[in-house]
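Coordinate inspection notes
These are the residues of each chain, in order.
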Amino acid sequence: MQTGAEIRWLSGGDVYSAWELETAGYPPEEAASLEILQYRQREAGELFPGYYINTKLIGFVCGTRSFADHLTDASMKVHEAGGPTVCIHSVCVDVTWRRKGIALSLLQHYVRDISQNQTDVHQICLLSHQYLLPLYIKAGFSNIGLSSVVHGPDKWYECILNMERC
């Protein structure tokens, strides 16, 4: 981790900063709205860690839980408390801090925390563009192929991390 860095759960007051990172980091058709991020933090705050340097949010991972066994349009819209699948919606890092290992650190922390504290989770799923697949594979995910989810003009690949391997 970077000097002065910490990973901690986002408070409600930090969601606006996360939304600013989200809208700067994703095309408009892919970025979550402020209202959606507020919903996810309120309903699934234990799945919404941020990476802070000297108290400034510079990255985050955002997820919810689902009873679905893979990512679908429906599983990405609602948090189903107690569901055995964690659906990661965003892995976002400020553009000036990219390529410094922050996304990988966040993902490793995320997986470790779920493994230790949410033992009823069986798998973690996410969607990735092709160019980001190496990051997610390095974090322990397996690319299972093209996703049926349409979210913007580009193709998405579904990646799954089986928690029994952790």
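Now for a quick tour of the structure. These numbers were taken from a predicted model, which means no experiment stands behind them.

Once that is clear, we can look at the nonpolar core. Ranked by internal contacts, the top residues of the largest apolar core, which has 31 residues, are Tyr51, Ile88, Ile114, Ile124 and Phe141. Every element with two or more residues in this core is listed here: β1 (5–9), β2 (49–53), β3 (56–66), β4 (85–93), α3 (102–117), β5 (123–128), α4 (133–138) and β7 (157–162). A per-element tally of this core places α3 first, with eight residues. Of all hydrophobic cores here, the second largest spans 14 residues; its members include Ala18, Leu37, Tyr52 and Cys92.

Here the focus is the side chain of Ser75. Here Ser75 is to be found in the loop between β3 and β4. With a relative accessible area of 3%, Ser75 lands in the buried category. A polar contact of 2.8 Å, which involves the side chain of Ser75, links it to the backbone nitrogen of Thr72. Residues within four places of Ser75 in sequence aside, it is in contact with Thr64, Ser66, Ala68, His70, Cys87 and His89.

A few words now on the environment of Tyr39. Its place among the elements puts Tyr39 in helix α2 (residues 34–44). In this structure, the C-alpha to C-alpha distance between Tyr39 and His79, residues 40 residues apart in sequence, is 8.9 Å. Residues within four places of Tyr39 in sequence aside, it is in contact with Ala44, Lys77, Val78 and His79.

Turning our eyes to something else, we now look at the pattern of salt bridges. This model, assessed by the stated rule, comprises four salt bridges. Residue Glu43 is joined to Arg42 by a salt bridge in which the shortest nitrogen-to-oxygen separation is 3.6 Å. The exposure class of Glu43 is partly exposed, given its relative accessible area of 38%. Among the salt bridges present, the one from Asp120 reaches Arg65, with a minimum N-O distance of 2.8 Å. Highlighted residues: Asp120 in the loop between α3 and β5 and Arg65 in strand β3, separated in sequence by 55 residues. Three or more residues are tied together by salt bridges with common partners; here these are Glu6, Arg8 and Asp14.

Attention now goes to α2. A turn of α-helix holds 3.6 residues, and therefore any two residues three or four places apart point the same way. Listed as buried for α2 are Leu34, Leu37, Arg40, Gln41 and Ala44. For α2, the angular spread of the buried residues around the axis is 140 degrees, confining them to a single face. Residues of α2 that are exposed and point more than 90 degrees away from the buried face comprise Glu35 and Arg42. Buried residues along α2 sit against α1 (15–25), β3 and β4.

A few words on the state of the cysteines. Disulfide: a covalent bond connecting the sulfur atoms of a pair of cysteines. Taken as a whole and judged by the stated rule, the model has zero disulfides. For the unlinked cysteine Cys125, the closest cysteine sulfur is that of Cys87, found at 5.9 Å. By relative accessible area, which is 0% here, Cys125 ends up buried.

Cut-off values and rules
Residues numbered from 1 in each chain as written. Predicted model: local features only at pLDDT ≥ 70, side-chain atom pairs only at ≥ 80, totals over all residues. Heavy atoms only, no water. Core = buried A, V, L, I, M, F, W, Y, C linked by side-chain atoms within 4.5 Å. Buried < 20%, exposed > 50% of the residue type's maximum accessible area, 1.4 Å probe, protein only. Helix = DSSP H or I, 4+ residues; strand = E, 2+ residues; numbered from the N terminus. Polar contact = N/O pair within 3.5 Å; in protein donor to acceptor, adjacent residues only side chain to side chain. Contact = heavy atoms within 4.5 Å. Salt bridge = Lys/Arg side-chain N within 4 Å of Asp/Glu carboxyl O. Arc of directions from axis to C-beta. Disulfide = S-S within 2.5 Å.

By themselves, these observations are geometric and do not establish any function.
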